[in-house]
Structure formats: structure tokens, C-alpha cells
Amino acid sequence: MMTIRQLSIFLENKSGRLFEALDSLAKEKINILALTVADTSEYGILRLIVSNPEQGQKCLKARGFSVNLTEVMSVYTSNKPDSLATTLKLFSDDNISIEYMYAFQFHDKGVIVFRTDDRQKALKVVEKSKMELVKQEDLV
Amino acid sequence: MLDFWEKDIETILQKDLQRLQMQKLQKTLQTASQSYYYKKVFNENHFGFSTVTSLDDIRKIPFTTKENLQKYFPYGFLSAEKKDVVRLHSSSCTTGDHLTVVFYTRNDLDSWSNLVARSLYTVGVRNTDVFQNSCGYGLFAGGIGIQTGAEKIGALVVPSGTVNTKRQIQLMIDFGATVLHTLPGYVTRLIDVFNEMNLNPKTDIELRIMIIGAELHSEEKRQMIQEKMGVKAFNSYGVTELNGPGIAIECEFQNGMHVWEDSFLFEIIDPKTLLPVENNSYGELVVTTLDRRAMPLLRFRTGDITRVVSGTCDCGRTHRRIDRIKGRTDNVFFIKGCKISPEQIEKVLSRVPEVGNNFIIVLDSINGKEEMIIEVEVNNRVFFDHYSKLEKLTKYIIEGVKSEVMITPKVKLMESNSLTRCDQVSGRVRDLRKEG
């Protein structure tokens, strides 16, 4: 599998809603590895990388949340200052459009997560530059 | 202000009125029978000219509903020859299968404008007045309808229509408007723009009379309008299918609206039993036109809930009064002068696969402007990861609603299962518009 699964949750801009989502996962002992919230004035999209995305989706759905599982690409980077910029340049040089991206620390490595519709092109870049793809099993 | 446009008719004795109504009713039934629809109804019920021999006999005739009018659109109710019809009006707020139409002969137009003139004269409009008509023109009967009545009195009419508010106010200043006809829901916006322009409507313009109607509004709202605008504001009742404006109007005593009973035979019925109410209780207003030739209507169910105001009026007019309209029998609501039913919104939403059946219509006043906000739950077909898709969905719903009801709504996407289950469509409307 060339991608990992991310939880995408639709949240109303109601105070406490974000907390409720995270609290629901905490109660089921699901580990959150990375989190990002993007918002407009009307609503927000909460994106999460968790240890068990299927269980996470089930748990959130059961508590009435609107949630999808999204396939996203993810690669490891080394823990050097220029590593992120260098990796990104490899994708932009090939004109791969990235809709959003975020990064987190995983053990002693950096991880970039990004969403692109040019998945085939992105995979070619990954192979060519010998980047290491993050696998779902790694995140358990 | 106690003089009358038509003193004899306005102060007619009960027995003379009833005789007049009976004569007109017989003629109306005869005319109506020439339409496709009523001919069918009369045949199916074996009605003849001896069926109705008293005013009470009108109850033998079936009601006419808006659905009947929609089903037999466009010419099913036409009772005259097309060559004798000179105008039509239609509701301008809905599309396609919700359209109804009203036809007028030259005499119908004269009769209508006379009723409007009578109404406007009753509230004090005179030929020395400058009358600004800030209602939609075109298919909407309120525009031209009010204008011809004001012209008949001899007032100077400023047909401002729906130009922007700043322009409305400037026109009032330029021409010294003394009378304004407008929708009650619009007045909050008017007052706000007066403030923005650093003008005081009580002192900086010449307005002394306002005629407000076409939308349900409360006594509190009327008081607010009078207080803030420094005018006397009179409630006016009209229904597109029954000409438009000019059916009933308040007199100087502002205690109920006199229905012009020489032109409109009315009943108040219990909408459940369809029988006349007792003791002047609230019920649905049902009207039979007595003067219309191109398109008479028999026992038209208006959907408006009101009651007769008992007793005689100090103004001397003997035509009975109805109370301000309390509500509707259906779930229709008013916004920006348009009548909308939740069913129309539901129709649009049912065509959008990404939203569920749960939605709420919130009516609010934001910065003085009336807004319709549709809160609708998304379902699992929405791809929650894509902003642009969510924005596109919002836009799609806005366009769909706008093309159905002619009003641009705001749309708020809500989480699935976040709205309280509203199985009945009637619970779908939340009106937060304040009175002041």
C-alpha cells in the first residue's frame, strides 16, 4: 500500500467540538500521532493520523461525528534542518500539486504527510530520489 | 379625516349590502361557469342557476384552493375571451409548478384601482400627497396595483420600486414624499440606512403616512414603525389571487381592517372541519370575488388565519373588519416580500445527494437586512477532506434555492445528526427576526 489512511472529520464551529472529537478517541485509547485543524468561519476540517484509523473512524462515527478515511501520501525525512525543504523541492520541481501538507516527529525521524491528486507522479519522484514511504503498519 | 371616497357604499346598510352582494353573486356564478374549471365543477356537482338562492347557499359551492389554480394554470380559470383581457399578474417569487396567474379585463382594472383608491383615501391619502411606492413592479400586483389607486386619488406617485435604500431615502428627500407604501420587513433596513446617512426620519423627511402589508407582522412591529419613522402606519391586506392590494384596509382607528364587502364576499372557516367558525373565533379567510369578470374566484381559501372584529367602527364604515392576520394554515413564511414554503426548500435539497433530509430554515435580521439561513446536515457522501468540494456544495445549494424561490439564502453545512430530528416539515422554520 503506497498511502496511509488519515481521518478527516467535519466539525461545526461550535465551542468544545474539537475537544469532544479528541476526547472520544482518547476514551478508546487510540493514539493520535499528528493533528491539524483547518477552518473557515463556518466549519473546520480536523485531520488526524492515528495508530488505528479504522477503529478511530468507527469510534467517531458511533459518537455522531462526520468522518471519512482519506488516502494520503507520507514519506520519512531525516532530522536535518534542510531536509523538509529539499524533499518538497523534489515534488515541486515535477509540478506535482499538493493540496495540503503537514509534518510530525515519529520516533527519531521526521514524517511528511501530504495530499495530492498526482499520486502516480508523486510515487515516481519518491522512487527516483530513493525516499522512504511510510507504511500503515509503521504507525501502529 | 372622516370623509369617504365613496360614502354611500362605505356606509351602506346591512340589508342593502346583502341585496347588492346577492345580485353580484348571481352574476359572478354565471361568469365563472364560463371558465373551464368552474364549468367542470358545476357539471360534476349538478349545479344550476337555482342552486344558490341566498348568501348562505354559497356553502354549497366547493372551495377553490391554490393547488386548483396551479393545476389549471394558465387558462383554466379564465372566464372571459382573451381579446377582452388586458393584463395579468402573477406571483414573482416562485417558479415553474408553483405559478398562479390572475387575469383582468379593462373593467376589472378599473374596479381594482377604485378599491385601492378607496383604501388609500381611507388612510388619509389625498391629491396633495407625494406617494412613494417602494414595492416590486412587474408581475407582482403590489407595484402597479397600488400605483393606479394612488393616481386615481390624484397623488403624485413616485414609482421607486425596489431601488436601493439610499436611493429610496434620497427620493423621499428630493420630492418630499408624504406617503410611503412598503413591506413591514423592509423598514428595519430603511431605519438603519437613515442612521448611516445621519438623517432622522422623524424630522428630516415629510412622511406622515405609511401603508404596510403583504407580509404578516405584529402590532408591536407596527408601533415600532410608527415610533421610529414618525408616521401613522396602516395595515393593508391583499392577496395576489384576489387582485392584489385593495381587499381590506385599516381606518384612522387602526383597529382591524375593513373588508370591502361590496366586492368581496368573505367567510371565516375552521380549516379542519371546513365549517364556518362561531362567535367570531379565528379561522381561515375564504373569499369570493363579486366584481371580477376575467377570472372570478369562488370560495378561494387564502390560507390566512384571522377573525372578525365585532362591533361597529367609529369611523362610520359598515363593512366588517378582520383582525390582523395571525398566521397561516400552511407552513409558508415571508421573507423580503416573498412567500416561501419549506416544501420548496426540501425539493431543492432532495436533489443534492451529499445532504440528508434534516434541515432547518432560520430567518434572521443581520445588520438590518433580512436573511434566510438554511442549516443542512451533510451525510456520508460528502468528502470531508476537500475544502473546495465543501465550498462547491454550499454554492450549489445556494444556486438551487435561489432559482427556486428567487431569494439568495445563506447556507450552513452542519454535521450529520446535529439537528434535532424534525420529521414534520412544519417544525423546520425558526424565525429569529426581532420586532424592533
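Residues numbered from 1 in each chain as written. Chains lettered and ligands numbered in written order. Predicted model: local features only at pLDDT ≥ 70, side-chain atom pairs only at ≥ 80, totals over all residues.

### A short note on the domain arrangement of chain B
Residues and elements named next belong to chain B. Domain assignment breaks chain B into domain 1 (7-329) and domain 2 (334-431). Placing the centre of domain 1 and that of domain 2 at their C-alpha centroids yields a distance of 32 Å. With 13 residues of domain 1 at the contact, the number on the domain 2 side is 13 residues. Here the residues of the side of domain 1 that touches domain 2 are counted per class, giving four nonpolar, six polar and three charged. (Domains from an automatic or database assignment. Contact = placed C-beta atoms within 7 Å. Nonpolar A, V, L, I, M, F, W, Y, C, P; charged D, E, K, R; others polar.)

### Looking at helix H6 (residues 141-153) of chain B
All names here are of chain B. With 13 residues, H6 should cover 18 Å at 1.5 Å per step; its first-to-last C-alpha distance of 19 Å lies within 8% of that length. Most of H6 sits out of view: ten of its 13 residues are buried. Within the span of H6, buried status applies to Ala141, Gly142, Gly143, Ile144, Gly145, Ile146, Gln147, Gly149, Ala150 and Ile153. (Helix = DSSP H or I, 4+ residues; strand = E, 2+ residues; numbered from the N terminus. Expected span 1.5 Å × (residues − 1). Buried ≥ 20, exposed ≤ 12 C-beta atoms within 10 Å, placed from the backbone.)

### What about unusual backbone geometry?
In the segment running from Phe73(B) into Pro74(B), the intervening peptide bond is cis, with an omega of 0 degrees. By secondary structure assignment, the location of Pro74(B) is in the loop between helix H4 (66-71) and strand E1 (85-90). Phi angles above zero are rare outside glycine, and His107(A) is one such case at about 50 degrees. In this structure, Asn279(B) takes a positive phi of about 55 degrees despite not being glycine.

### A closer look at the sheet that holds strand E19 (residues 369-378) of chain B
All names here are of chain B. Spatially, E20-E19-E18-E21 is the arrangement adopted by the four strands of the open sheet, whose pairing is mixed. One side of each edge strand has no neighbouring strand; the edge strands of this open sheet are strand E20 (410-414) and strand E21 (429-431). Going from strand to strand, the sheet's axes swing by 20 degrees on average, the running direction of each strand aside. For strand E18 (residues 355-366) and E19, the ladder comprises nine bridges, and the chain directions are antiparallel. (Pairing = 2+ DSSP bridges. Axes fitted to C-alpha atoms, helices over the stretch in contact; angles between N-to-C directions.)

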